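# Architecture at a glance
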Amino acid sequence: MKDILFLVPYPLHRAPSQRFRVELYEPILQKHQLSYTIAPFMDEATWNVLYKQSSVIKKAMGILKSFLKRWVLLFSATQYRYVFIHREAAPLGPPLVEWMLAKVFRKKIIYDFDDAIWIPNTSEANKLAAQWKAFWKVKYICQWAYRITAGNAYLSDFAKQYNEQVVLLPTCVDIENGHSKLKQHHSNIPVIGWTGSHSTLVYLDDIVPVLKELQQEIAFEIVIIADKKPDWELPHQRFIPWNEQTEQEDLLQIDIGIMPLKENAWSEGKCGFKLIQYLALGIPAVAAPVGVNNNIIDHGVNGFLCTSKEEWKGCLKQLVTNAAVRKQMGLVGREKIVKEYSIQSQEEKFISLFT
């Protein structure tokens, strides 16, 4: 019998949550000699058309094919001691796969999520699919799970309403391999940067006027790293298409990382991974004081937490004009990530899920 079957939504090396909550732990699984299989729901072709507003037929055919593959795979689950489900076994419809695993095959399910996925939140390109998302299923999967891993306290508190076996497992980085370098801060023209997916670009809208106003007073560059170019453009702005192979080097072009966020229930579920990436590389960050951001950023120590536009402008200006402050905050931030948000620090907790 094999040890773990990982059911994940997306093709490998594509989605941040899956990459850093499942795929990143492969070396640790191998180190502890645990046998495993990672089984994505959708293939590359379906992923490539998923967020395009056209290609409705291709989307439908790709999703149908993915469902068939998932049901075939279901009957091989008896070969595994544990089934680790990241977010959901299938992105649409009721939790039939999860019910079969728990109630028919009596498998030990470890249910993992790093967003408030019980709250409806779909992209413009997939509005038609929203009615089939079955957001209500999250609480039932929690009830059926052997254990639950949640990315922050807000998510943990939700899960504990339905299951006492909840482990808080933050989204982490590999500080020895993936995020191993340290930013060298110099007094040349600094760079304010942001990284994320196309679905989170909207959070930058509120900060654009602040950046524009600040550019009239001091010189700095703006770098956006994403899978889609933003609709707006500011002076001295560069867009870097996200690339897994160059992710660390691209981030190291940034001197100051930013993470604006709306204050709502969905944002409370965010795990602050942008901040974790910035700080891991010795890059201080400026963020909205929402949810887990308050735990990652120690205000005035490894970055700043800002609410008003005036606060954003003042804190960004302080970092832009002082390389020494950036360096010191970056070093402190790196130290915190090593201790609390690295896979090395969470190794024992992760492996204990399967013992």
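Relevant structure appears above.
Here is a short report on the structure shown in this document.

What counts and what doesn't
Residues numbered from 1 in each chain as written. Predicted model: local features only at pLDDT ≥ 70, side-chain atom pairs only at ≥ 80, totals over all residues. Heavy atoms only, no water. Pairing = 2+ DSSP bridges. Helix = DSSP H or I, 4+ residues; strand = E, 2+ residues; numbered from the N terminus. Axes fitted to C-alpha atoms, helices over the stretch in contact; angles between N-to-C directions. Contact = heavy atoms within 4.5 Å. Expected span 1.5 Å × (residues − 1). Polar contact = N/O pair within 3.5 Å; in protein donor to acceptor, adjacent residues only side chain to side chain. Core = buried A, V, L, I, M, F, W, Y, C linked by side-chain atoms within 4.5 Å. Buried < 20%, exposed > 50% of the residue type's maximum accessible area, 1.4 Å probe, protein only. Arc of directions from axis to C-beta.

### Describing the sheet that holds strand β3 (residues 80-86)
Judged by pairing direction, the sheet is parallel, and its 6 strands sit side by side in the order β2-β1-β3-β4-β5-β6 without closing on themselves. Pairing within the sheet leaves two strands with one partner each, and these edge strands are β2 (36-40) and β6 (166-168). Here the strands of the sheet are splayed against their neighbours by 20 degrees on average, with no regard to which way each runs. Sheet analysis places β3 next to strand β4 (residues 108-113), joined by 5 bridges and oriented parallel. Residue pairing in the sheet places H86 in a bridge with D112 of β4. Across the face of the sheet, helix α4 (residues 56-74) comes into contact with β1 (2-8) and β2 while running at roughly 160 degrees to β1.

### Brief notes about helix α14 (residues 323-340)
Helix length check: α14 (18 residues) gives 26 Å between terminal C-alpha atoms against 26 Å at 1.5 Å per residue, within 8%. The elements touched by buried residues of α14 are β10 (256-259), α11 (273-280), α12 (293-296), β12 (303-305) and α13 (309-320). Capping the start of α14 is the job of one residue whose side-chain oxygen sits 3.1 Å from the backbone nitrogen of A324: N322.

### Considering the nonpolar core
In this structure, F6, Y111, F113, V286, L316, F350 and F354 are the most contacted members of the largest nonpolar core, which totals 110 residues. Broken down by element, this core gets its largest block of residues, 6 residues, from α11. When neighbours within four sequence positions are excluded, F113 is seen to be in contact with R21, W118, C142, I148, T149, A150, G151, L155, F158 and A159. Counting 9 residues, the second-largest nonpolar core is a separate cluster that includes A15, W47, L50 and L92.

### With respect to helix α8 (residues 208-215)
When α8 is considered as a whole, its buried residues turn out to be V208, V210, L211, L214 and Q215. The arc that holds the buried residues of α8, viewed along the axis, is 160 degrees, so those residues lie on one side. Each element contacted by the buried residues of α8 is listed here: β7 (191-195), β8 (221-226) and α13.

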